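If you want the building blocks of each chain, they are given just below.
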Amino acid sequence: MHVRDIMTEDPACCAPDASIRDAARLMVENDCGEIPVTDERGAPVGVVTDRDIACRAVAQGKTLDTPVSEIMSSPAVTVTPETSLEDCCATLEENQLRRAPVVNESGGCCGIVAQADIARNAPEHETAEVVRDVSQPSREPAGAGCC
């Protein structure tokens, strides 16, 4: 199985200068917790998550008009449609991520793969391993990350 078999195609994306409000609206409209932030070519330069909004925006007193470039997680860790499910899981685990943008051969964002996609499609042991490894306490020093 490959990422192309389980990914969500054509995810909602925003530009680095989009506001936090715009990103939050996209999350509501698309029932998702992550929006890839893309450059003018459509290549992911970062992602903005619901956690970024809570921890890097609200908790720090940013306004809703603040550009997402100020709060996004960067750089974006990506996979390709041809990435095997096993390699995708390893990438998510190594980076403690629940989602990753999927990029096509020209580097444009063509999809997103989430832990939920893996849970619905992968063998149980693979799902359990991803959830366990992604859910480990952060490797960041205290105070370096968020919440």
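Here's what I pulled together on the structure shown here. Just so we're clear, the structure is a prediction, and the values are computed from it rather than from any experiment.

A closer look at the pattern of salt bridges
Considering all chains together, one arrives at seven salt bridges under this definition. The partner of D22 in a salt bridge is R25, with the nearest N and O atoms 3.8 Å apart. Placement of the pair is D22 and R25 together in helix α2 (residues 20–30), with a separation of three residues, close to one helical turn. Residue classification places D22 among the partly exposed residues on the basis of a relative accessible area of 34%.

Some details on the pairing of strand β4 (residues 99–103)
The buried fraction of β4 is high, at four of five residues. Both β4 and strand β5 (residues 109–114) contribute to a ladder of five bridges, which runs antiparallel. Residue pairing in the sheet places R99 in a bridge with A114 of β5. Hairpin connection from β4 to β5: five residues lie between these consecutive antiparallel strands, with G107 at a positive phi of about 90 degrees.

Comments concerning the sheet that holds β4
Pairing in this open sheet of three strands is antiparallel, and the strands run β1-β5-β4 from one edge to the other. Looking along the sheet, the strands with just one partner apiece sit at the ends: β1 (8–9) and β4.

Parameters at a glance
Along each chain, residues carry numbers from 1 onward, in the same order as the chain's sequence is written. Given that the model is predicted, a residue must reach a pLDDT of at least 70 before its local features are reported, and side-chain atom pairs must reach 80 or more before they are shown or counted; all residues, however, enter totals for whole chains, interfaces and linings. Excluding hydrogens and water, the side-chain figures rest on all heavy atoms present in the structure. Throughout this description, the term salt bridge denotes a Lys or Arg side-chain nitrogen within 4 Å of a carboxyl oxygen of Asp or Glu. Strands here are runs of E lasting at least two residues and helices are runs of H or I lasting at least four, both read from the DSSP assignment and numbered beginning at the N terminus. Relative accessibility under 20% of the residue-type maximum defines a buried residue, over 50% an exposed one, and the middle range a partly exposed one, all with a 1.4 Å probe and only protein chains included. Here, any two strands with at least 2 DSSP bridges between them count as paired.

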